[in-house]
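Overview (structure and organization)
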Amino acid sequence: MLSELNEVWTTILGTLSACGGIGGLLAWRHNKKMRRLEAKLKATEVDKAKVESKTDEFHLYKEMLEHANQRNLELEKRIDERENYWQGECAKKDARYDEQTKLLRAKNSEVNAKDEQIQAEKDLNTEYERTIAELMEENTYLHSWVCRKGDCDNGEPPRGRLKGSTFDVTRLVRTGQRLKLLERKHRDNGTD
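Worth saying up front: this structure is predicted, and the values here are computed from it rather than measured.

Cut-off values and rules
Residues numbered from 1 in each chain as written. Predicted model: local features only at pLDDT ≥ 70, side-chain atom pairs only at ≥ 80, totals over all residues. Heavy atoms only, no water. Helix = DSSP H or I, 4+ residues; strand = E, 2+ residues; numbered from the N terminus. Buried < 20%, exposed > 50% of the residue type's maximum accessible area, 1.4 Å probe, protein only. Contact = heavy atoms within 4.5 Å. Areas by Shrake-Rupley, 256 points an atom, 1.4 Å probe, with all protein chains shown as cover. Salt bridge = Lys/Arg side-chain N within 4 Å of Asp/Glu carboxyl O. Patch = residues over 30% accessible without salt bridge, like charges linked within 9 Å, V, L, I, M, F, W, Y side chains within 5 Å. Lys, Arg positive; Asp, Glu negative; His and termini not counted. Charge placed at Lys NZ, Arg CZ, Asp CG, Glu CD. Phe/Tyr/Trp six-rings, centres within 6.5 Å; stacked < 30°, edge-to-face > 60°. pLDDT = per-residue confidence, 0-100.

What the protein contains, in helices and strands, is three helices and zero strands. Helices and strands in the protein line up, N terminus first, as α-α-α. Per-residue burial over the protein gives 10% buried out of 192 residues. Sequence-distant contacts, at least 24 apart, represent 36% of the contacts inside the protein between residues at least 6 apart. Carbon and sulfur atoms make up 57% of the accessible area of the protein, which totals about 17400 Å².

As structure tokens, then:
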């Protein structure tokens, strides 16, 4: 607007003055430069606005990124807290499992010891039963050789069914065991 006014005044003054034609030409060139500069200024303002909008976008993205980073840090903190909690829970369960395993092993050891004790008692009972059976057989054998009044004839068998037999000392369990011990001692000592 100012340039148009300036142009109008230059044209009026140029026509009035003799050198006005040269002044009008000079003013016209000057106005042309001014228009170019104004166009450049507008383009620069547009570029400046674009840069400002990009700067605003950058600041917006920066704020969003900072917010996202803050959120990530909070989530990582919560994840770490939960992980620590579950690690603690797992450690508690592992400790309880170890304690129960130790208790179970102790109980198994007790049961195995009881089983061994029961087996030893069974073996001992079997030995007692075998000894009782041997003693009963010995008792029966001895009863058959018992002399009753008038049955004994100077070492002869007391019963008729034992006539011609001799008393076998080795059939006696206790005496047989004593004889075996004596034989072993004789062998160990080297005497016959």
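It is worth spelling out the pattern of salt bridges at this point. Under the criterion given, the structure shown has five salt bridges. A salt bridge links Arg130 to Glu127, with the shortest nitrogen-to-oxygen separation between them at 2.2 Å. Residue Arg130 and its partner Glu127 are located together in helix H2 (residues 20-144), separated by three residues, close to a single helical turn. Classification of Arg130 as partly exposed rests on a relative accessible area of 41%. Under the relative-accessibility criterion, Glu127 is labelled partly exposed at 35%. A salt bridge links Glu134 to Arg130, with the shortest nitrogen-to-oxygen separation between them at 3.2 Å.

So, about a negative patch on the surface. On the surface, Glu76, Asp80, Glu81 and Glu83 cluster together to form a negatively charged patch. Tracing the backbone through its elements, the reader meets Asp80 in helix H2.

Let us look at the side chain of Asn31. With respect to the helices, strands and loops of the structure, Asn31 is situated in helix H2. On the basis of relative accessible area, Asn31 is assigned to the buried category, the value being 2%. Those residues in contact with Asn31 that sit more than four places away from it in its chain are Ser3, Asn6 and Glu7.

Our focus in this paragraph is the packing of aromatic side chains. Think of a pair of aromatic rings as described by two things: how far the centres are apart, and how the planes are tilted against each other in angle. In this structure the tally under the stated criterion is one aromatic pair. With a centroid separation of 5.0 Å and 75° between ring planes, the pair formed by Tyr85 and Trp86 is classed as edge-to-face. Of the residues examined, Trp86 reaches a relative accessible area of 52% and is grouped as exposed.

We now examine a positive patch on the surface. Residues Arg29, Lys32, Lys33, Arg36 and Lys40 make up a contiguous surface patch of positive charge. You can see Arg29 is positioned in helix H2. You can call Arg29 exposed: its relative accessible area is 53%.

Another aspect to go through is the confidence of the model for the protein. On average, residues of the protein carry a pLDDT of 79, and 68% of them reach 70 or more. Ranking the helices and strands of the protein by mean pLDDT puts H2 first, with 87, and helix H3 (residues 173-189) last, with 62.

Among the surface-exposed residues, Leu124, Tyr128, Ile132 and Met136 lie close enough to one another that they form a single nonpolar patch of about 420 Å² accessible area. As for its position among the elements, Ile132 is in helix H2. Classification of Ile132 by relative accessible area gives partly exposed; the value is 49%.

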